[in-house]
Amino acid sequence: MFYKKILPALVSLSLAMMACSFADRLITPSTDVPQEPSTSEAPANVPARTPPALSDIRPVLEKLGGQPCEESPDFTCVTVQVPLNHFDSANTETLDVVFAVLPASGERYGMYVQAFPGGPGGEGVSTATVSWFDESITEHYDVVYFDQRGLGLSGELACPTAYAKNFLDYLNYDDTAGLEGYDTPAEQQALIADTRTFVNDCVAEIGIDPAKLSFYGTNQVAEDLETFRQVVGDDKFMLYGVSYGTAVAQTYAASHPDHLMGLILDGTIDLTLPGEASAHSQEKGFDTVLVAALQACNADPACAADMGGDAVAAYDKLAKTVSDTSVRYSFPLPSGKNINRTFTFNQLEYAASYQLYSRGDRMMLLRALAYANRGDIVPMARLLDSAASLDPATGEYLGDPTFSDTMFDSVHCTDNTYFSGTPDERIQKTIQDGQSSNGTVPRMDGSVYTGVMCALWPSNPAAPVTAAPLRAEGVTTLVLNATLDPATPFDEGKAVSQNLADGYHIYVEGGVHSIYGWGESCPDDLVTDFLVNGNPPAQRETVCQWEDPVITPYVPILAQKASEYNDPLSLLIAIDDEITYTPEYRDSSFTEEESFGCRYGGTFTFGPSDAGEDLKFDNCSLLQGFTMTGTGSYDYDAGLFTLEMQVTGTQSGNLTYVRDDNAGTYSLKGTYGGQDIDLSQ
């Protein structure tokens, strides 16, 4: 058994998971929408920008032995030696932290440091990019990413074996006693015993003195930034924190406000909340977003039809079904064979939670739910494999190479306490509190049980942790968030903004987890103006209105039989959509050849080509009565997605299908059922 895990504050940042990569952000259409009136006016006077002491950071990087970053070669990586414990000068032990720097291409204003990794546990260097920045930002700022101590290039601490075992135990746990959750004495005792085993095994596998884990918390990470600032020699820098990174950024701002040019918090955590309150806040956030997505489905005729009229009822029905008894099903493998698998309530909760971060992923969840409502759990299982990094053939936990599960647990439990008292007293209070949100309604529950692990973690503080509200005197601060942010709920960001000495709240009605960089003029233009021109927003509160604020337009699921389509072009368009929204294909990096098993037999293979993608069908049946064998391609520059195939089933023939993204057209030519085909739309 495994404690129910509070979700990373930016799961989406593994670039495949989050199952909303930042590549998705770049293709999101921009919409220019007037902002709503402010509730209060901002100051009219903008302070003059102070020229930095350095006109060029390159000589500093060279002196530090900078080299191109292996995983982000446009950046220069430097290693900075920092104290193991910044708060004890008598402790002379040190460790290395790696920073990645892209020097400004023009007149230098200073450093723009990205407290970017989600989690905690997300790597910064391997995911470093400036692709969503306005060019004026990279012209004037050195963009800086880093791997915080204990992960990635900064001395990885990890317990992959212990984590994989316990994580899989959690996903595959079949609760047949009482309600869903730890509601019987036997379940509660098993939870405690198994969590204790996990903590002991994990700490042993990490392989350092357990007492040193306390030096890997967020307060030490913030001081690593201060050491880096001193090494570079700038008096001030601009700091951006996203998701968990807002904890790093706020901690730095609380200690060193005099060294900040400005502060941007995106997807903001309220550090004044104790662990149990933060867990309940996140539970409420996920539940709110799930219900909003289900209600958005009900407002869409096609989506509502796929759900039998009510998406909320469809989800609750599925949750109750897998809560009562796990679902046995046959899963199509990339080899073309099938394997028998089991789908549990914990798997549903995990998969659904990870699909709530972005509008596109919410739509993917709705499509999987529509299939489940029809009796087919396979699409939901595909989402699970993608979100949980599972090998579909073996069930093995593969992990995310850019995210440290170990540091997520360790940093979270170093920073946070759940309740007060001895470890045993905290555990009992956590279990009692967990009963208040047990079961399938509210639909996203159980995060508070993380307190059981934290009570046993070696670096968990002995006394409850409290943090004063951030004031950040003298630091103009933008707080960005959304009313439909599941991981860092809206009320937390709002509370942070209200306590700031010079704060500006920018939020989206609806929206996603972290709102900057999706190609939306609001907030992107406001952030750019602040960074480049030094202009804060015109109002203390700005409300952004996005097109499709809850889900991207719903794409109907495939009919069960080919004969249900009026013509073969409509059928091929639906198959095209199905391929596009199959998680294995959608989440691929296209760096090597991959395959997935088609629902009714055969395989679909895809991989990179010089122009974009090469595709291959081998007796692939995505629905009954239509089996495809052939090849295809996707030419990115030309915007042409082409499939050339022989088809058998209800009708036979040879077809060529073309989707022209640039023209927005579809065409189908060939023979089908003894008839010549030449269709377009």
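Given the structure is predicted, the values throughout are model-derived calculations rather than measurements.

## A word on the state of the cysteines
Here is step 1 of the chain: Applying the stated criterion across every chain yields a total of six disulfides.
Here is step 2 of the chain: Put simply, cysteine 598 and cysteine 620 are joined by a disulfide, and their sulfur atoms are 2.0 Å apart. The sign of the -100° torsion about the S-S bond sets the cysteine 598-cysteine 620 disulfide as left-handed. Here cysteine 598 is found in the loop between β13 (594–597) and β14 (603–608), whereas its partner cysteine 620 is found in strand β15 (residues 612–623), with 22 residues between them in sequence.
Here is step 3 of the chain: Exposure remark for cysteine 598: the relative accessible area of 1% places this residue in the buried category.
Here is step 4 of the chain: The connectivity of the disulfide bonds within the protein chain can be written as 1-2, 3-4, 5-6, 7-8, 9-10, 11-12, using the sequence rank of each bonded cysteine.

## Focus on the pattern of salt bridges
Here is step 1 of the chain: On inspection of all chains with the given rule, the structure shows 19 salt bridges.
Here is step 2 of the chain: Measuring nitrogen to oxygen at the nearest pair gives 2.8 Å for the salt bridge that ties aspartate 324 to lysine 320. Residue aspartate 324 and its partner lysine 320 are both found in helix α10 (residues 311–324); the two are separated by four residues, about one turn of the helix.
Here is step 3 of the chain: The shortest N-O distance in the salt bridge between arginine 382 and glutamate 584 comes to 2.7 Å.

## Considering the nonpolar core
Here is step 1 of the chain: If you look at the biggest cluster of nonpolar residues, it comprises 164 residues, and the most contacted ones within it are Leu239, Met380, Tyr585, Phe604 and Phe626.
Here is step 2 of the chain: Those residues within four positions of methionine 380 in sequence are excluded, and the remaining contacts are Leu318, Phe343, Leu348, Ala351, Leu365, Ala368 and Leu369.
Here is step 3 of the chain: Among the nonpolar cores identified, the runner-up in size contains 38 residues, and Tyr109, Ala128, Trp132 and Val143 belong to it.

## Some remarks on the packing of helix α6 (residues 218–232) against helix α7 (residues 245–255)
Here is step 1 of the chain: Put simply, α6 and α7 touch, their axes get as near as 8 Å, and they point 65° apart. Here α7 runs roughly perpendicular to α6, going by the angle between their axes. Where α6 crosses over α7, the two elements pack in a sense that is right-handed. Of the residues in α7, those touching α6 at Thr218, Asn219, Val221, Ala222, Glu223, Leu225, Glu226 and Arg229 are Ala247, Val248, Thr251, Tyr252 and Ser255.
Here is step 2 of the chain: Looking at the contact of α6 with α7 residue by residue, the class counts come to six nonpolar, four polar and three charged.

## As for the sheet that holds strand β5 (residues 141–147)
Here is step 1 of the chain: Across the sheet, which stays open at both edges, the ten strands sit in the order β1-β2-β3-β5-β4-β6-β7-β10-β11-β12 with mixed pairing between neighbours. Looking at which strands have only one partner, the edges of the open sheet turn out to be β1 (67–68) and β12 (541–544).
Here is step 2 of the chain: Pairing geometry for strand β10 (residues 477–482) and strand β11 (residues 503–508), over six bridges, is parallel. Bridge pairing links leucine 478 to tyrosine 504 in β11.
Here is step 3 of the chain: Against the sheet, helix α18 (residues 521–533) touches β4 (110–115), β5, β6 (237–242), β7 (260–266), β10, β11 and β12, its axis set at about 170° to β7.

## Quick word on the sheet that holds β14
Hydrogen bonds between backbone atoms are what pair the strands of a sheet, whose relative direction is either parallel or antiparallel.
Here is step 1 of the chain: Spatially, eight strands are ordered β13-β14-β15-β16-β17-β18-β19-β20 in an open sheet, and the strand pairing comes out antiparallel. The open sheet has two free edges, formed respectively by β13 and β20 (675–680), since each of these has just one partner strand. Taken pair by pair, the neighbouring strands of this sheet meet at an average axis angle of 10°, ignoring direction.
Here is step 2 of the chain: By the bridge criterion, ten bridges tie strand β16 (residues 626–635) to strand β17 (residues 640–649) in an arrangement that is antiparallel. If you follow methionine 628 over to β17, its bridge partner there is valine 647.
Here is step 3 of the chain: Helix α19 (residues 568–580) rests against β14, β15, β16, β17, β18 (653–660), β19 (665–672) and β20 of the sheet, and its axis sits at about 120° to β19.

## A closer look at helix α5 (residues 185–206)
Here is step 1 of the chain: The end-to-end C-alpha distance of α5 is 32 Å, a good match for the 32 Å that 22 residues give at a rise of 1.5 Å each.
Here is step 2 of the chain: Turning to α5, its buried residues are Glu187, Gln188, Leu191, Ile192, Thr195, Phe198, Val199, Cys202, Val203 and Ile206. The buried residues of α5 all sit within an arc of 135° when viewed along its axis, so they share a single face. Opposite the packed face of α5, turned more than 90 degrees from it, sit the exposed residues Pro185, Ala186, Gln189 and Ala204.
Here is step 3 of the chain: Its buried side turned inward, α5 meets α4 (160–172), α14 (405–415), α15 (423–434) and α16 (450–456).

## Focus on the pairing of β17
Here is step 1 of the chain: The hairpin turn running from β16 into β17, its antiparallel successor, is four residues long, and glycine 639 in that turn takes a positive phi close to 70°.
Here is step 2 of the chain: Here β17 runs beside β18; their pairing, made up of eight bridges, is antiparallel. In the sheet register, glutamine 646 faces β18, and the bridge partner there is asparagine 654.
Here is step 3 of the chain: Counted between consecutive antiparallel strands, the loop separating β17 from β18 contains three residues.

## Here's the deal with the pairing of β16
Here is step 1 of the chain: Here β15 runs beside β16; their pairing, made up of eight bridges, is antiparallel. Within the sheet, the bridge partner assigned to leucine 623 lies in β16 and is phenylalanine 626.
Here is step 2 of the chain: Once β15 ends, the chain turns through two residues before running back antiparallel as β16, passing glycine 625 with a positive phi of about 90°.

## Thoughts on the confidence of the model for the protein chain
Here is step 1 of the chain: Per-residue pLDDT for the protein chain has a mean of 91; in total, 92% of the residues score no lower than 70.
Here is step 2 of the chain: A low-confidence stretch, residues 1–7 (pLDDT under 50), is modelled with 50 contacts involving residues beyond four sequence positions or located in other chains.
Here is step 3 of the chain: Confidence over residues 9–40 falls short of pLDDT 50; this stretch has 91 contacts with residues more than four positions distant or in other chains.

What counts as what
Residues numbered from 1 in each chain as written. Predicted model: local features only at pLDDT ≥ 70, side-chain atom pairs only at ≥ 80, totals over all residues. Heavy atoms only, no water. Disulfide = S-S within 2.5 Å. Helix = DSSP H or I, 4+ residues; strand = E, 2+ residues; numbered from the N terminus. Buried < 20%, exposed > 50% of the residue type's maximum accessible area, 1.4 Å probe, protein only. Salt bridge = Lys/Arg side-chain N within 4 Å of Asp/Glu carboxyl O. Core = buried A, V, L, I, M, F, W, Y, C linked by side-chain atoms within 4.5 Å. Contact = heavy atoms within 4.5 Å. Axes fitted to C-alpha atoms, helices over the stretch in contact; angles between N-to-C directions. Parallel < 35°, antiparallel > 145°, perpendicular 65-115°, else oblique. Left-handed = near helix turned anticlockwise from the far one by under 90°. Nonpolar A, V, L, I, M, F, W, Y, C, P; charged D, E, K, R; others polar. Pairing = 2+ DSSP bridges. Expected span 1.5 Å × (residues − 1). Arc of directions from axis to C-beta. pLDDT = per-residue confidence, 0-100.

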